Structures are given as structure tokens and as C-alpha cells.
Amino acid sequence: MAKTPLVLDTNRARHLWIAAQKLDSAAPFGEGPAATLAAIAQLGYVQIDTINVIERCHHHILYSRIPGYRRADLAQLQSADKSVFEYWTHALSYLPTADLPFFLPAMKQYRVTPSRWFGAVTADEVSRMVKRLRSDGPLSIRDIGDDALVDKDHPWASRKPSKRVLEMMFFQGKVAVSARQGMVKTYDLMERHFGWTTAPRPATERQITAYLLDRALRSQGVVSLDSICHLDAPRKTAVRELIDSRVRRKLLVPVVIAGQEKVPHWAMPETLAAPASEPPTLVHILSPFDPLIIQRKRLKLFFGYDHLFEAYIPAAKRRLGYFALPVLMGDRIVAAVDLKADRTAGKLLVQQWTWLDDPGAEGRAAIDEALGRFERFQLGR
């Protein structure tokens, strides 16, 4: 085992991350539903978010890796092929169904200890909902018209009590989201949606720890404890023990990023042994929820860029805009552009443009071209 970590210069570390994110080639997954499934599997998960000022982030993230991406491809995977499912990672996300066993223990824990968010839901309400789903088939909240409406007790809550019942059942693994239209979810009984005769066996804690580490290594190339356990600090101890074990077996190499020696990182030997390729040259207009962007501390360490998500702060205090999108050109983030889709007029509006670096005349032309493609995708052309 190496006593001194390998020092990676920032450019090399950044390129390894971009390559793991598949943002260094034009169409790394091809097209169609198979490409969408491959992209989700490579990334580990694709975050879902409610903001609709432009196309929702799950479609945006997939478009960034699949230029020919169609929204219907994701719908087919979820509702027909059933090869992806929705559940909570650090946020609500799409995941490969092959990874479902790693989330079954969390579902069981929600049944044993329901979240306080769902504290008002009774066992009788759940039982009635199960019977209704069995008799009526899959349901969305819009299909339930006999609720006695109540006052909201939270800005994100619903006036329909049935919504909270279904959401609790979702976290408990009693129902799955069988289809999605925008943010309207259709729920079905889990076993009926997947066609189970026997449910898959839940993963053990050791298997979950290995899954989290392997997922990060695949999608990040070079990993830290924070990047593996994003918003999941309780798992850090077990993950660190597994890392140390793999280092002893020479399955992982300790590394540090030049100038950031206080933050330990690790990578697989084969990742580090891969010959350095030419710097990436593509332009991507990224979602603020993209896996390359969402971990802000990591983003700043690798790119020297501190992204600001300002949708929830007063307009007068914003620096980049309501929904600023980082512009990745090659291996640099050169701009942040605040966009808004005017769906009635069929235009993508630039609310604010902030240059962070000078891309030169050719770079500006490439960004304009990428923005045109992005507009066509946004407006379904």
C-alpha cells in the first residue's frame, strides 16, 4: 500500500470526472430507450425536480448525454419496460430497476418507523388505499375525486389527504410510480407494477456500502467520502472502512488533487492507468441538478467554480439569476446563463448571461450553436 497518496494535477482529475460523466464525447450511449437506460446506469441516478421554468431536470440531464434523447424513451423504461424506477437518493430520482434491492431496506425502515411528515396517516387509510388500488387499478391523485379537502399544513403539501397516504406508501415500498406526466404521478401496487411473484431479496448493509462506493467510482472516476456519501453522512464510517480494505488489496489508490491535499480521494488503478486523452472540446448547457454540478464543494475543488442556485432567494440578492445553467466548454465552465422557456411564443429567453471566462470567438460560436440545439430540445422541435 502506498504510504504517500498519488498527486493528480487538477486538469487530470477534472478530465477523469468529465469522462466518467460521459460529457467528453458526442453520443456515448447512442439513441433510443436502451441509451437512456445505459445513461441512468452509468450515472447511478438521475435527479427529478419540480421546477419547470425550462424542461425538467431529469430530461435535461439525459439530453446532455444523449443528443437524440426523446422524453418518450424514459416513459417507456418506466411504464412499459419497467427497467427504471423512482425512489429517494439524496433527492427523488430515477434509478435502474436492477438496483432496487439496495433500496428495499430503506423502504422497510419507513414501514417500521414512519417519517413524522406522514405522522397523521393511519393504518386504516393505508388499508383502504390498497383495496382501492386493487379494485380500480393504478391511480393518480387526479383520479381521486372523493377526498374531503383540508387546509395545507406545509407549502408542498396537498389539500387531498390521499396524496399524503400515497406518498407514505411510496416511501414504504407498498406502491411504485408506474407513470409520470410532468409532476403528476400514477401509483400502482409495487408487486403488480413489477409483476413479481416473489419480491427480490433486500441487499445487506455490506452490499449497500459496496454499491454506493462502486456507483461513485463509476460515475465520478475520482471519489472522496463526501462525494460517495452526498447528504448521507451516517454511511461515511462504513464506506471508509471498505475503502481502506480495498486500498490494502490494491483495488483502490489513494490520491490527492494538487493544491487540495487536505481532502483525501481515491480511484481505481485502471482509471489512473488509462492514457490521458486530449482535453474535451464539447459544449454542454448543464442543469443545476446535473451530477457534475449538484455537489457544490466538489465542483469548486475540481473546476474552481462556485455555482449559485438562486431560485429560492429574493431577486435583488441574485447574482447569476433565478435558474442559472452552467455552460461547460471542454473542461472549463465559462458562463452561467439564466434561461426561461416561453412555450406560447416558442422561444427560449435569455434572462441573464454571466461570463466567467473568455472562450474566444470560436468558443462563443460553439456556445451559440449549442444554445440553438438546446432551444430546439426544450421546445420539442
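Figured I'd write up the structure that's included with this text. What you see as residue numbers is a count from 1 along each chain, following the sequence as written. pLDDT decides what is reported in this predicted model: residues at 70 or higher carry local features, side-chain atom pairs at 80 or more are listed and counted, and totals for whole chains, interfaces and linings draw on all residues regardless. As a rule here, side-chain values come from all non-hydrogen atoms in the structure, and water together with hydrogens is ignored.

**As for the sheet that holds strand β8 (residues 253-257)**
1) Next: Taken in spatial order, the 3 strands make up an open sheet running β1-β8-β9, and their pairing is mixed. For this open sheet the edge positions go to β1 (6-8) and β9 (260-267), each flanked by a neighbour on one side alone. Strand-to-strand twist of the sheet, defined as the mean angle between neighbouring strand axes without regard to direction, takes the value 40°.
2) Next: Bridging between β8 and β9 involves 4 bridges; their strand directions are antiparallel. What sits directly across from Pro 254, in β9, is Trp 266.
3) Next: Residue contacts follow a heavy-atom distance rule, with two residues in contact if any of their heavy atoms lie within 4.5 Å. Orientation is described by axes fitted as lines to C-alpha atoms, over the contacting stretch for helices, and by angles from 0 to 180 degrees between their N-to-C directions. Only DSSP runs of H or I reaching four residues or more are called helices, and only runs of E reaching two or more are called strands; each is numbered from the N terminus. Relative to β1, helix α1 (residues 10-20) is tilted by about 80°, and along the sheet it contacts β1 and β8. Any two strands with at least two DSSP-identified bridges between them are counted as paired.

**Section: the packing of aromatic side chains**
1) Next: Here a Phe, Tyr or Trp ring, Trp counted by its six-membered ring, pairs with any other such ring whose centre lies within 6.5 Å, and the pair is stacked when the planes are under 30 degrees apart, edge-to-face when over 60, and tilted otherwise. Tallying each qualifying case throughout the model produces 20 aromatic pairs.
2) Next: Note on Phe 194 and Trp 196: the rings are 5.2 Å apart at their centroids and 15° apart in plane angle, and the pair reads as stacked.
3) Next: Exposure categories follow from relative accessible area, calculated using a 1.4 Å probe and restricted to protein chains: below 20% of the type maximum is buried, above 50% is exposed, and the middle band is partly exposed. Judged by relative accessible area, Phe 194 falls into the buried class, the value being 14%.
4) Next: Members of the aromatic cluster, joined through ring pairs, are Phe 85, Tyr 87, Trp 88, Phe 102, Phe 103, Tyr 110, Phe 170, Phe 171 and Tyr 211.
5) Next: Geometrically, a lysine NZ or arginine CZ counts as sitting over a ring once it is within 6 Å of the ring centre and also within 35 degrees of the ring normal. Positioned over the ring face of Phe 377 is Arg 71, at 4.3 Å from the centre of the ring.
6) Next: Its guanidinium or amino end placed over the ring of Trp 17, Arg 298 lies 4.1 Å from that ring's centre, counting from NZ or CZ.

**Observations regarding helix α11 (residues 236-248)**
1) Next: Expected span, for any helix, means 1.5 Å times one less than how many residues it has. Taking 1.5 Å as the rise per residue, α11 with 13 residues should run 18 Å; its terminal C-alpha atoms sit 18 Å apart, in good agreement.
2) Next: Turning to α11, its buried residues are Val 239, Leu 242, Ile 243, Arg 246 and Val 247. Mapping the buried residues of α11 onto a view down its axis gives an arc of 140°, with all of them on the same face. Residues of α11 that are exposed and point over 90 degrees away from its buried face: Thr 237, Glu 241 and Arg 248.
3) Next: Buried residues along α11 sit in contact with α9 (205-220), α10 (225-228), β8 and β9.
4) Next: A positive phi of about 60° marks Lys 250, the residue just after α11. What the arc describes is the spread of directions from the helix axis to the C-beta atoms.

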